[in-house]
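So the chains spell out like this:
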Amino acid sequence: MSGSYYVPAASHWPIAAVVAIALMAVGAGNELAYGRGGMLLVFGLLGIMWVIFHWFADVVRESRAGLYDEQMDRSFRQGMGWFIFSEVMFFAAFFGTLFYVRAFALPWLDGEGAKGITALLWPDFTASWPLMSPPSSEVKGPTGTVDPWHLPLINTVLLISSSVTLTLAHHALKVDKRFTCLNWLGLTLVLGAVFLVVQGIEYVEAYQQLGLTLQAGIYGGTFFLLTGFHGIHVTLGAIILAVMWLRLMNGHFSGHQHFGFEAAAWYWHFVDVVWIGLFLFVYVF
Amino acid sequence: MQMQTEHAHEPPRGWMRWLLTTNHKEIGSLYLLFSLAMLFVGGIMALIIRAELFQPGLQLIQPEFFNQMTTMHGLIMVFGAVMPAFVGLANWMIPLQIGAPDMALPRLNNFSFWLLPIAFGLLLSTLWMEGGGPNFGWTFYAPLSTTYAPPSTSFFILSIHIAGISSILGAINIIATIFNMRTPGMRLMDMSLFVWTWLITAFLLVAVMPVLAGVVTMMLLDINFGTSFFNAAGGGDPVLFQHLFWFFGHPEVYIMILPAFGIVSLIVPTFARKRLFGYRSMVYATASIAILSFTVWAHHMFTVGLPLAAQLFFMYMTMLIAVPTGVKVFNWIATLFRGSISFEVPMLFALAFIVQFTIGGLSGVMLAIVPADYQYHDTYFVVAHFHYVLVPGALFAIIAGVYYWLPKWTGFYPSESLGKLHFWLSVIGVNLTFFPMHFSGLAGMPRRIPDYALQFADFNMVSSLGAFIFGLSQILLLIVIYRCVKGGKPAPAKPWEGAEGLEWTVPSPAPLHTFEQPPVFDPQRDSPSRA
Ligand code: HEM
Ligand SMILES: [Cu+2]
């Protein structure tokens, strides 16, 4: 180690981000609780996007000016790694919900095991998965479920291929083949975008033809919770990849220095792995 | 000694400096001051509760408001006072103890801190909203917090999200700092126990805060978008809420105690003038506690009707945690054995921690016994248990740390006489408050109730008196800190004779920038685990 540490300079962006988050939270809270505050929410969200853009632009600028040393690079890597771990735990809570409901809550409501007493609540209830008729008649269940071997299968193929094309892009970048990298990365983006479109079509069909909505009992809830948050993450990942594509266009990365690209790739692969879990446990089994 | 060089970027002046700062010492101070403020806000709420409970019957406040007070008190103390205090200490001391110039991600650090005032401003503002603030207890069980909740619950959910983001980012920063910024030559097994316990705590935070975020998100959907996660009518389950909450909640209690273990493990050797007994076993015990803490959560749910196998599993796992905890207590006592002990204020608080935390740990083992818990659950016995681990436990360790490091922060010794007065009043107050709760609980007094049967009157009166003694004596803490910032007996770089560690090699007060060149660290000579 050469001796001196690098310490980044102070910046306005963190506090600006806090202000934007405050606006968003006050707006969202008022909207949800009292049905007013939508404008503030929108302002806050725009503010957050604006700040993120500038904050990252600063970091990119500093990085390109060669200010960061190896140590800073390691900090970024570890930071990103642990951030993805925290996302894994976020999804773990939702998968845990799905497993718990299927393995315990519904059979118990049906009178299974030592918890027979809960069966007295709705004596006619029969447990099943997907749960088409929820215990209480006040909650309307779905009339059909999504066929896993149609749209979801297409989406699985799309996402897995996108992970492959992204890896190919990375390999190209490592040997400084910028043009090849741009192509593979572009293809990855297209695959991601098509995935989102297909997911959108699936949602429309679910709502219009299958009665599968957020309100359709626990099956609808877990379905949209898991696929919805996954979809949000795909959207985010795609935006990050798009930024990487633009940066690449501007000649930002080199074969040995491209952590921004790698971080985006880690995130994309993570989103991909989550999808495989979704495909298996939300759609197929 | 460190060579101090002129720093390249001068800090902005005035109040903007505090908004923009990326300096670990300034951010550490902000965290500590924020936590101090929250301690008093939460403390006032506690005194409102104790004033109402001074006598049976309803005297001062309405039950609706009482419920808001118990809820807010718990939330503020846990998320606003104890956790930020430890993060503040981490910010100040981890870079100093590992020889780093700052935290690994300084801007993120600023961001993490400033999220907190937003989160708690939002939370506190709910008290003035239509329908009142959260009133469902700090554990916010569904359906109390969904079907039957006030409209302001959406604000509560958002504030938990924001505080959670702050914790996760802060924890990531701490992990990256510890793994990445140690001075050359310092191996993991050469780190101070405070750094070790914080590393493990940070891991717990990154692992469980997202689960908390998940569960409040599901609440939000249940309330606003008609899902039925916690509603059996739609096939969901309110008990699912409790599982998710306590999967976060039990590791959370270790988040609030592991750094305390670290602080005590530094202070006891310093004033016993001996090396810590069993450094390695301390590290392994901390790690085992953290791992086990993921397997015990349902001990909070013994009475909701779990299957027998689950009750047995969670009972045994909970009791197992007492083993590594016992290792720690044993090691502290063994460190004291044949030491040449002196009783400065930090040591007094640390010793009181050991005794009183052990009381809380033992009542924990009682609660872990399923059939006994059927009796104790939701009574004041539980309140006594967790206050013993949190107040004379975690909070005493924080205060011990503050007295221990104040000379490093300000350059002056805190007043020994006022400190001792503060200590004795606190010990008396805290035990008067919480010890009788064991008895009122065993006799069956339920928790979270504004009124109670006559036979509990005496115990409650003692508890309320104790609470006011404890609460008012914390004003002494304010005075001590204020005076120590202003002046006092000047402290040398190493103000405590028996202290070890890199933080004592920089001047007191520590200059704004330290260790811009990595300090020399020789494991043979400097490691706390050296032979
Ligand atoms: C030997 C270690 C410990 C054991 C065996 C233990 C056991 C338990 C059990 C079984 C309960 C549930 C009681 C009930 O609700 O009926 C409980 C509650 C609680 N414990 Fe512990 N505990 C231990 C240490 C700690 C520590 C170190 C802390 C915090 C620093 C802590 C904080 C709490 C809190 C906050 C609650 C109550 C939460 C609530 O219902 O509001 N415990 N403990
Ligand atoms: Cu617990």
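Predicted model, so just to flag it, every value in this text is computed and none were measured.

Here's the deal with a nonpolar patch on the surface
Residue and element names in this part refer to chain A. Together, Phe99, Ile160, Val164, Leu168, Trp184, Leu187, Val190, Val194, Ile276, Leu280, Phe281 and Phe285 make up a nonpolar patch on the protein surface, roughly 960 Å² of accessible area in all. Those elements giving two or more residues to the nonpolar patch turn out to be helix H4 (151-174), helix H5 (178-209) and helix H7 (259-284). By residue number, the principal contributor to the nonpolar patch is H5, which donates four residues. Within the secondary structure, Leu187 is located in helix H5.

Things to note about the coordination of the copper ion (ligand 2)
All names here are of chain B. Looking at the copper ion (ligand 2), one finds its protein donor set to be His250 (ND1), His299 (NE2) and His300 (NE2), positioned 1.8 to 2.1 Å from the metal centre. Mapped onto the polypeptide sequence, the residues donating to the copper ion (ligand 2) form the spacing pattern H-x48-H-H. Between the copper ion (ligand 2) and the iron atom of ligand 1 the interatomic distance amounts to 4.5 Å.

Observations concerning empty space enclosed by the protein
All names here are of chain B. Evaluated as defined, the whole model comprises four cavities of 30 Å³ or more. In this structure, the largest cavity is lined by 15 residues; those nearest its centre are Met83, Val87, Ala163, Ser166 and Ser167. Among the elements of the structure, helix H3 (63-98), helix H5 (153-180) and helix H6 (193-225) are those that each provide at least two residues to the lining of the largest cavity.

Looking at H6 of chain B
Residue and element names in this part refer to chain B. For H6, which comprises 33 residues, the first-to-last C-alpha distance of 47 Å matches the rise-based estimate of 48 Å (1.5 Å per residue) to within 8%. At Val206, H6 is bent by approximately 25°, the largest bend along its length, and proline Pro210 sits one to four residues beyond. Burial analysis of H6 places 29 of its 33 residues in the buried class, which makes it a mostly covered element. Between a side-chain oxygen at the N-terminus of H6 and the backbone nitrogen of Phe194 the separation is 3.2 Å; the capping residue is Ser192. Downstream of H6 by one or two residues, Gly226 has phi in the positive range, about 75°.

Some words on the packing of helix H2 (residues 38-64) of chain A against helix H4 (residues 106-125) of chain B
For the pair H2 of chain A and H4 of chain B, the least separation of the axes is 13 Å and the interaxial angle reads 160°. As summarised for this structure, H2 of chain A and H4 of chain B are arranged roughly antiparallel, according to the angle between their axes. Like other packed secondary-structure pairs, H2 of chain A and H4 of chain B cross with a definite hand, here right-handed. Residues Trp55, Val59 and Glu62 of chain A of H2 of chain A pack against Arg107, Leu108 and Phe111 of chain B of H4 of chain B. Tallied by class, the residues present in the contact of H2 of chain A with H4 of chain B amount to four nonpolar, no polar and two charged.

Focus on the site of ligand 1
Residue and element names in this part refer to chain B. Contacts to ligand 1 come from 24 residues, most closely from Trp138, Asp373, His377, His385 and Arg447. For ligand 1, an oxygen atom lies 2.8 Å from a polar atom in the side chain of Trp138. Side-chain polar atom of Asp373 to an oxygen atom of ligand 1: 2.5 Å apart, as the coordinates give it. Listed by contribution, the elements that provide at least two residues to the shell around ligand 1 are helix H7 (238-255), helix H11 (345-368) and helix H13 (380-410). Among the elements that make up the shell around ligand 1, the one with the highest residue count is H11 (six residues). Across the shell around ligand 1, the residue classes break down as 13 nonpolar, eight polar and three charged.

Some points on the domain arrangement of chain A
All names here are of chain A. By the assigned domains, chain A splits into domain 1 (9-67) and domain 2 (68-284). Computed over C-alpha atoms only, the centres of domain 1 and domain 2 are separated by 25 Å. Each side of the interface is counted separately: domain 1 has seven residues, and domain 2 has six residues. Carbon and sulfur atoms make up 50% of the area that domain 1 and domain 2 hide from each other, which totals about 580 Å². A per-residue breakdown of the area domain 1 buries against domain 2 is headed by Val60, Arg64 and Leu67, which together make up 62% of the total. In this assembly, domain 1 and domain 2 are joined by zero salt bridges. The tally of links between domain 1 and domain 2 comes to two residue pairs in polar contact (both at pLDDT 80 or more). Each residue belonging to the side of domain 1 that touches domain 2 can be placed in one class, and the counts come to three nonpolar, two polar and two charged.

What to know about H3 of chain B
Residue and element names in this part refer to chain B. Its 36 residues give H3 an end-to-end C-alpha distance of 50 Å, which sits within 8% of 52 Å, the value for a rise of 1.5 Å per residue. Taking the largest bend as the criterion, H3 deviates by roughly 35°, centred on Met77. For H3, the buried fraction is high: 32 of the 36 residues fall into the buried class. In the segment just after H3, Gly99 is the residue with positive phi, at about 75°.

As for the nonpolar core
Buried together is how nonpolar side chains tend to be arranged in soluble globular proteins. In terms of nonpolar packing, the biggest core is built from 280 residues, with Phe79, Phe120, Trp198, Phe230, Phe353 and Trp405 of chain B touching the most fellow members. Take this core: its biggest share by element is 23 residues, from H6 of chain B. Split by domain, the residues of this core number at least three in each of domain 1 (9-67) and domain 2 (68-284) of chain A. Ignoring anything within four residues of it in the chain, the contact list for Phe353 of chain B reads Ile257, Ala260, Phe261, Val264, Trp332, Thr358, Pro392, Gly393, Ala394 and Ala397 of chain B.

Definitions and limits used
- Residues numbered from 1 in each chain as written.
- Chains lettered and ligands numbered in written order.
- Predicted model: local features only at pLDDT ≥ 70, side-chain atom pairs only at ≥ 80, totals over all residues.
- Heavy atoms only, no water.
- Patch = residues over 30% accessible without salt bridge, like charges linked within 9 Å, V, L, I, M, F, W, Y side chains within 5 Å.
- Areas by Shrake-Rupley, 256 points an atom, 1.4 Å probe, with all protein chains shown as cover.
- Salt bridge = Lys/Arg side-chain N within 4 Å of Asp/Glu carboxyl O.
- Helix = DSSP H or I, 4+ residues; strand = E, 2+ residues; numbered from the N terminus.
- Donors = N, O, S within 2.8 Å, 3.2 Å for Na, K, Ca; no water.
- 1 Å grid on protein atoms, 1.4 Å probe; cavity = no way out; pocket = protein on both sides within 12 Å on 5 of 7 lines; lining within 4 Å.
- Points joined across faces, edges and corners; volume = space filled by probe spheres on them.
- Expected span 1.5 Å × (residues − 1).
- Bend = angle between axes of the 7 residues up to and from the residue.
- Buried < 20%, exposed > 50% of the residue type's maximum accessible area, 1.4 Å probe, protein only.
- Polar contact = N/O pair within 3.5 Å; in protein donor to acceptor, adjacent residues only side chain to side chain.
- Axes fitted to C-alpha atoms, helices over the stretch in contact; angles between N-to-C directions.
- Parallel < 35°, antiparallel > 145°, perpendicular 65-115°, else oblique.
- Left-handed = near helix turned anticlockwise from the far one by under 90°.
- Contact = heavy atoms within 4.5 Å.
- Nonpolar A, V, L, I, M, F, W, Y, C, P; charged D, E, K, R; others polar.
- Near = heavy atom within 4 Å.
- Domains from an automatic or database assignment.
- Buried area = accessible area lost by both parts, 1.4 Å probe.
- Core = buried A, V, L, I, M, F, W, Y, C linked by side-chain atoms within 4.5 Å.

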